[in-house]
Amino acid sequence: MSPKLTFLIIVLLVIASIVFYIIRVEAYPGLLVNGHLIRYGDARTDWNIALHYYDMINQAETNITGTAYKASSHEEIEAAVLDTLVQTALINKELSKRIGESDLENMIQRKIDESLKGDNLEAKVQALYGLSLDAFKERVLKPQAETEILESRMILENTSSTSVDGGFSNWLREERVRARVIILLPGFSWNGKEVVISK
């Protein structure tokens, strides 16, 4: 074999290995929010969390009352999860602008620690969300803490606001309209303010 052909085969094998790895770990883009990449794997993880939670709540309601909640379609749940990921990206960007990264991480950690009070929490999280405690902190509590921190910051900064949340709801509504969202997942689109199921 000629050296050029050998080199070409090696390059193609390297490229194929990289592509296989990206597909295997689901590291390819799922959506972009103002240039911020959200991996398909993260969206799928959050879909699974939401579906597990919904199934557990529905099962508990059925056991208690004998009737189940009206079933939402998987697509509706997935659209709601994608919408939450867009919101989380917008909030995270705004927090990064308003608060330094190291201060922000400390504030988030304090909020998470406040949330982790209770007996047998790890077993409860596992049963309700299907997650380890560490994954629960990262996938559920961290975005919730970021939202609470930004809302609190806005309340403190906007003392003249007549809004109970310091203008957070208005800010979020305006940011959603201004956001450049590209959804790369089939079956979903951005209508200028929220994720919708494409028909």
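For the structure, see preceding data.
Quick notes on the rules
Residues numbered from 1 in each chain as written. Predicted model: local features only at pLDDT ≥ 70, side-chain atom pairs only at ≥ 80, totals over all residues. Heavy atoms only, no water. Salt bridge = Lys/Arg side-chain N within 4 Å of Asp/Glu carboxyl O. Buried < 20%, exposed > 50% of the residue type's maximum accessible area, 1.4 Å probe, protein only. Axes fitted to C-alpha atoms, helices over the stretch in contact; angles between N-to-C directions. Helix = DSSP H or I, 4+ residues; strand = E, 2+ residues; numbered from the N terminus. Left-handed = near helix turned anticlockwise from the far one by under 90°. Contact = heavy atoms within 4.5 Å. Nonpolar A, V, L, I, M, F, W, Y, C, P; charged D, E, K, R; others polar.

## Brief notes about the pattern of salt bridges
And step 1. Per the counting criterion, the structure on display carries eleven salt bridges.
And step 2. The shortest N-O distance in the salt bridge between Arg 39 and Asp 42 comes to 3.3 Å.
And step 3. Look at Arg 39 and you get partly exposed, because its relative accessible area is 28%.
And step 4. For Asp 42, a relative accessible area of 22% translates into the label partly exposed.
And step 5. The partner of Asp 42 in a salt bridge is Arg 139, and the shortest N-O contact between them spans 3.8 Å.

## With respect to the packing of helix H5 (residues 121–129) against helix H6 (residues 133–157)
And step 1. Interhelical geometry of H5 versus H6 gives an angle of 60° and a closest axis separation of 9 Å. In this structure, H5 meets H6 at a crossing whose hand is left-handed. Between H5 and H6, the contacting residues are Leu 121, Glu 122, Val 125 and Tyr 129 on the first element and Leu 133, Phe 136 and Val 140 on the second.
And step 2. Its residues placed into classes, the contact of H5 with H6 shows six nonpolar, no polar and one charged.

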